[in-house]
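Each chain, letter by letter, is given below.
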Amino acid sequence: MTMPVIRQKILLIDDEERIRNILKAVLSEEGFEVFGAKDGAEGLQQVRTVAPDVVILDLKMPRMDGIETMIRLKELRPDTVAIMLTAHGSIQSAVEAMKQGAYDYLTKPFDNEQLLIVVRRAAEHARLSGELRDLRRQLGQMPTIEDLLGASETMAKTRGELYRLAKADATVLLRGESGTGKELAARAIHNSSGRHAGPFIVIDCTAIPSSLLESTFFGYERGAFTDAIERRTGKFEEANAGTAFLDEIGELPHEAQAKLLRVLQEHEFTRVGGTSPVRVDVRVITATNKDLAREVQEGRFREDLYYRLNVLQLVMPSLRSHPEDIPLLARHSIARHKSVLGSSVSEISDDALAILCRHRWPGNVRELENTIQRSMLLAHGSRIEASDLRESEWARESGDEQSGLEARVRQVTAEAERNIIVNALEKTGWNRTAAAEALNISRKTLFNKMQLYGISEETSSQRRTRG
């Protein structure tokens, strides 16, 4: 049996229709599947439904320019390869775009051969990156149940429950506060189940506009709407023979809940614009930090869907329920992020651990990891000391045992945070996307803090010169 050839997808974002038509003609003839968008906002909508391998976007566009569009694109799909189009004479802007995460750039006017050379190279980069991710999964470098660390009885019991859930091929509802590792648990369940060789598809219910929910879930047929030039598979079809993970299921709009219920009941759906049902074999795992039973009582969540999702349930424990694991988690986080951050830190002092163990951790393990990373960037030696902690994290704490912390809080100023950010930017060559990942904050948060502190590559160089 001959396997079908999978055509790589390219999205063109340019406000000039003539340019889009030229690019589409050249790239379609080369064998790519090509989509178009007239501006950044429309392009980002296409990204959510098309999931392109490569995006070609114009630097100068109304309302949202190419750099801002690319930044938002990278937040939606970090692995998408971006190529920037820029007019001759704006090379400096193209270089800035590459610092922000663009793979390459093309200057207008360009000849077709030059275009194809750059696009082929970008498409090959995207293909190899995808194969590397698949290979890592095949080699077992994806999360397992044992990756949910902790020597406490609480975590031992949680891992035991996860093994039980992995063996049962039934719908699972994961509950728990933000930052407790619900997605990690879902991936671990999948990788330890009989479906481990199949796909694991993440569906973030908060990230999909309500108008695109049905086409995102179930796909669409050619001609279903204006831009539907080809049939498009949806998330549930992509998850066939594997697992669909619906994160933040409590945010799913009411009208979409009925459609999800039918998939769970009938194991089939109809694409938008289609007439024939599509049957799928998908295990569904959902996660929420809401009390769905209360949501049902208050009329915001369908009762019949709740019972379908709640076949098996596990509540992921908050970090404050097993504080004895904090030292182990802190040391593991140091080892995990040491090479990524380029840090010399390999230890943490007893005083610093004592501070960590007293904190309530409203953000749970995710907050602990963020704190460790920031402290590694702030530390001057090979060990995190109490003074290296971002003390503002603890300022919300109260009680006599916090009095010493309050004194330390006054010692940590905005300059410390500024130094952390500049350090991360310098280590990543002023690539904001890479720096934001190193600091474990969003690209938007990094940008806001750079504006707040007046951080730029030029001002940083001037400060070093004066120093």
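Here the structure is a predicted model, which is why all the values come from computation and not from measurement.

Student: With reference to specific residues and values, describe the nonpolar core.
Tutor: It is characteristic of soluble globular proteins that their nonpolar side chains tend to be buried jointly. Judged by nonpolar contacts, the single largest core of 37 residues is most densely connected at Ile348, Leu356, Ile372, Ile384, Leu425, Leu439 and Leu446. Every element with two or more residues in this core is listed here: α13 (326–341), α14 (350–358), α15 (364–378), α17 (414–427), α18 (432–439) and α19 (443–453). It is α17 that provides the largest number of residues to this core, a total of 6 residues. In this structure, Ile348 is in contact with Arg331, Ile334, Leu353, Leu356, Ile372, Arg383 and Ile384, ignoring residues within four places of it in sequence. The next biggest cluster of nonpolar side chains, apart from the first, holds 31 residues, and it includes Leu212, Leu213, Leu261 and Val263.

Student: Residue-level account of the pattern of salt bridges, with values.
Tutor: Overall, the coordinates contain 27 salt bridges when judged by the stated rule. Close ionic contact of Asp169 with Arg195 constitutes a salt bridge, the shortest N to O distance being 2.8 Å. With Asp169 in the loop between α6 (153–167) and β6 (172–175) and Arg195 in the loop between α7 (182–191) and β7 (200–204), this pair connects stretches of sequence that are 26 residues apart. For Asp169, a relative accessible area of 52% translates into the label exposed. Arg300 is paired through a salt bridge with Glu295; the nearest N and O atoms lie 3.0 Å apart. On the basis of relative accessibility, which here comes to 10%, the residue Glu295 falls in the buried class.

Student: Which residues make up the packing of α13 against α14, and what values do they have?
Tutor: Two numbers describe a pair of packed helices, the interaxial angle and the distance between the axes. Viewed as axis vectors pointing N to C, α13 and α14 meet at an angle of 120°, and their least axial separation amounts to 10 Å. Comparing their axes, α14 and α13 come out oblique. Of the two possible hands of crossing, α13 and α14 adopt the one that is right-handed. On α14, the residues that touch Ile326, Pro327, Ala330 and Arg331 of α13 are Leu353, Leu356 and Cys357. Across the contact of α13 with α14, the residue classes break down as 6 nonpolar, no polar and 1 charged.

Student: I'd like a rundown of helix α2 (residues 40–50), residues and numbers included.
Tutor: Two residues of an α-helix separated by three or four positions point the same way, owing to the 3.6 residues in each turn. In terms of residue burial, α2 counts as a mostly covered element, since 8 of its 11 residues are buried. When we look at burial in α2, the residues that qualify are Gly40, Glu42, Gly43, Leu44, Gln46, Val47, Thr49 and Val50. Where α2 begins, the side chain of Asp39 points an oxygen toward the backbone nitrogen of Ala41, at a separation of 3.3 Å. Two residues or fewer after α2 comes Ala51, characterised by a positive phi angle close to 55°.

Student: Describe the pairing of β6, with residues and values.
Tutor: Two strands pair when backbone bridges link them, and β6 and strand β11 (residues 283–288) are joined in this way by 4 bridges, in the parallel orientation. Its bridge partner lying in β11, Leu173 is registered against Thr286. Here 4 bridges tie β6 to strand β12 (residues 312–315), and the two strands are oriented parallel to one another. Residue pairing across strands places Val172 opposite Leu312, the latter belonging to β12.

Student: Just give me the short version of the pairing of strand β4 (residues 81–87), but keep the residues and values in it.
Tutor: Counting buried residues along β4, 6 of its 7 residues qualify, which places the element largely inside the surrounding structure. Alignment of strand β3 (residues 54–58) against β4, held across 5 bridges, turns out to be parallel. When the bridges of β4 are listed, Val54 appears paired with Val81. Bridge analysis of β4 against strand β5 (residues 104–108) gives 5 bridges, and the strand direction is parallel. Directly across from Ile83, in β5, lies its bridge partner Asp104.

Thresholds applied
Just so you know, the residues in each chain are numbered from 1, in the order the chain's sequence is written. pLDDT decides what is reported in this predicted model: residues at 70 or higher carry local features, side-chain atom pairs at 80 or more are listed and counted, and totals for whole chains, interfaces and linings draw on all residues regardless. Excluded from the side-chain calculations are hydrogens and water; all other atoms, namely the structure's heavy atoms, are used. Within this scheme, the nonpolar core is defined by two criteria: the residues are buried Ala, Val, Leu, Ile, Met, Phe, Trp, Tyr or Cys, and they are joined through side-chain atoms within 4.5 Å. A simple rule labels every residue: compare its accessible area, found with a 1.4 Å probe on the protein chains alone, to the largest value its type can have, and call it buried under 20%, exposed over 50%, or partly exposed in between. Under the scheme used here, helices are H or I runs from DSSP no shorter than 4 residues and strands are E runs no shorter than 2 residues, and both carry numbers assigned from the N terminus. We call two residues in contact whenever any of their non-hydrogen atoms come within 4.5 Å of each other. We count a salt bridge whenever a side-chain nitrogen from Lys or Arg sits within 4 Å of a carboxyl oxygen from Asp or Glu. Between the N-to-C directions of two axes lies an angle of 0 to 180 degrees, each axis being a line fitted to C-alpha atoms and, for a helix, fitted only over the stretch in contact. Angles below 35 degrees are treated as roughly parallel, those above 145 as roughly antiparallel, those between 65 and 115 as roughly perpendicular, and all remaining angles as oblique. Left-handed describes a crossing whose near helix is turned anticlockwise from the far helix through less than a right angle; right-handed describes the clockwise counterpart. When residue character is reported, Ala, Val, Leu, Ile, Met, Phe, Trp, Tyr, Cys and Pro are called nonpolar, Asp, Glu, Lys and Arg charged, and the others, Gly included, polar. A 3.5 Å cut-off defines polar contacts: any pair of N or O atoms within that distance qualifies, except that in protein one atom must be a possible hydrogen donor and the other a possible acceptor, and neighbouring residues in sequence count only when both atoms are side-chain atoms. What makes two strands pair is DSSP finding at least two bridges between them.

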